[in-house]
Amino acid sequence: CTWGLRAATLDLTSISGPAVVEQLLHLATFSDDPLPAVTRLIFTPNDMKARKYVKQLMKEAGLTIREDPMGNIYGRMHGSTKTTGAVVTGSHVDAIPLAGAYDGTLGVIGAIAALKALGEAGFRPEKPIEALMFTSEEPTRFGLGCIGSRGMSGALTVETLNDKLDVNGTSFQAASTAAGYGGKSHETILEGTRVKPGSIAAFVELHIEQGPRLEREGLQLGIVSAIAAPAALRVFFSGDGGHAGALLMPDRNDAGLAAAELALAVEKATLDAGAIDAVGTTGFLQIGPNSMNSVPREAKLEIDIRDIDAARRDRTVSSVLKSVEEIAARRDVRHRVEMINQDPPATCSQEVITAATEAAKELGASQKALVSRAYHDSLFMSQIAPTGMIFIPCRNGWSHRPDEFASAADIETGVKALALTLARLAGT
Ligand code: GLV
Ligand code: MN
Ligand code: MN
Ligand code: MN
């Protein structure tokens, strides 16, 4: 039957904001830091506990579970047509150090809750619908974000994965294999993870906004139109160091000061881009030996540069690279640059935007279209499937901090909107 007839009879009252919050807060207990801080790095014991919990919820929702070699977890609700791609929804449960309980997790717990409610409402989709938990959206352990979705989309090469060791020198292959996933080599892992063409009909991700726009305007839902293009680079400076008292100023080549200058150059290059969408951050800066009476001989910076406009973002990156050369030459320090990633932006699919917009209207929820300045697994899913995102407000726009918070009411609206969006995309 047509959607309109179906929608009128879909009873989603089983979706309860407080119940979803309870599950999110239970998930938050699997943390390496004391609550309310959540720290959960990929393939650590707490990540394994979180995975077990996610699979338990999938089972309770009646979903059929499968996992790929990278540790992406799928829970499938079968469709009436066997020959079509699935409508997929999901996000991540890994958390950067001292993060909160909602980033990513909402899109996983909320996906399972949405599918469970659709099943309970007697909805029998034409296309299969899948709830998905991605491996390692955050770059913390292996230095690269969205490893799972990059792997699924084919955007990740063996060479790149070979390069990514954690702080203990452990490879992704070793860590994933120890966790019960993995395989013989990065090649076989990627082969087993890549999504077959056509097997995803549409992808949608529910997430907290991580910014203040919805809350400021008193809106319940954000329908994402595009995702800004992220780039990240690592810069090393090294000088000769020396005694802070004995080494006279003209005789120094201070790696720490080169780093300080570069951090300011990043800010300047970003501001010079002349657009509010251009952002640049030096979020990691380490000097060595990091001792008060020693001239710094080593410096390491990690720099994050993003923009909605990929060409403009690339010009900002080039300008920063020029500054590295110029500062190193002028200060007589050695330098090395590693490009971590330089990804294209995503334009969301009109089909998914329309489905989500209509879903929001059907709920009577206030909404607006907005751009996601944070990146998400959706960035990579958009390379292989029509993709969109639904945002809900979070308090003060805060995220990546322990006091990150979204209300049960907003969460309930978000999960209901997700369920209706999935129903529209999957058909009946
Ligand atoms: C995602 O965590 C991002 O850094 O945008
Ligand atoms: Mn995050
Ligand atoms: Mn996230
Ligand atoms: Mn993230």
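Throughout, a residue's number is its position along its own chain's written sequence, starting from 1. Each chain gets a letter, beginning with A, and each ligand a number, beginning with 1, in the order they are written. Where local features are concerned, this predicted model is filtered to residues with pLDDT of at least 70; where side-chain atom pairs are given and counted, the filter is 80 or more; whole-chain, interface and lining totals use all residues.

Participant: So what exactly am I meant to see when it comes to the overall build of the protein chain here?
Facilitator: Looking only at helices and strands, the protein chain has 14 helices and 17 strands in total. In this setup the radius of gyration rests on C-alpha atoms only. A globule is expected at 2.2 Å times the number of residues raised to 0.38. Against the 2.2 N^0.38 benchmark of 22 Å for 428 residues, the protein chain shows a C-alpha radius of gyration of 23 Å, consistent with a compact globule. Taken along its principal axes, the extent of the C-alpha atoms in the protein chain is 80 × 50 × 40 Å. Counting other C-beta atoms within 10 Å of a residue's C-beta gives its exposure: the residue is buried at 20 or more, exposed at 12 or fewer, and partly exposed in between, where C-beta atoms are placed from the backbone. Counting only residues that meet the buried cut, the protein chain has 50% of its 428 residues in that class. Here the contacts in the protein chain between residues at least 6 apart in sequence split such that 79% fall between residues at least 24 apart. Runs of E in the DSSP output that reach at least two residues are strands. Runs of H or I that reach at least four are helices, and both are numbered from the N terminus. For the purpose of contact definition, each residue receives a C-beta atom placed from its backbone, and two residues are in contact when these atoms lie within 7 Å.

Participant: Can you walk me through unusual backbone geometry in this structure?
Facilitator: Note: most peptide bonds trans; most residues except glycine with negative phi. A cis amide bond links Leu-35 to the next residue, Pro-36, at an omega of 10 degrees. Within the fold, Pro-36 resides in the loop between helix 2 (17-28) and strand 1 (38-40). Of note, the amide linkage connecting Gly-288 to Pro-289 takes the cis form, showing an omega dihedral of 5 degrees. Not every positive phi belongs to a glycine, and Asp-332 is a case in point at roughly 55 degrees. Within the element layout of this structure, Asp-332 appears in the loop between helix 11 (310-331) and strand 14 (334-342).

Participant: Sorry, what's going on with the sheet that holds strand 9 (residues 229-238) here?
Facilitator: The pairing of strands in a sheet comes from backbone hydrogen bonds and takes either a parallel or an antiparallel form. Strand pairing is assigned whenever DSSP identifies at least 2 bridges connecting the two strands. Strands sit in the order 11-13-9-14 across an open sheet of four strands; the sheet is antiparallel. Edge positions in the sheet fall to strand 11 (279-288) and strand 14, since each of these pairs with one other strand and no more. Averaged over neighbouring strand pairs, the angle between their axes works out to 15 degrees when direction is ignored. Both strand 9 and strand 14 contribute to a ladder of eight bridges, which runs antiparallel. By the bridge assignment, Ala-232 is partnered in strand 14 with Asn-341. Axis definition: a line fitted to C-alpha atoms, over the contacting stretch in the case of helices. Angles run 0 to 180 degrees between N-to-C directions. Packing of helix 10 (residues 255-272) onto the sheet brings it into contact with strand 9, strand 11 and strand 13 (298-307), and relative to strand 11 it is tilted by some 175 degrees. Along the sheet, helix 11 makes contact with strand 9, strand 11, strand 13 and strand 14, crossing strand 13 at roughly 160 degrees.

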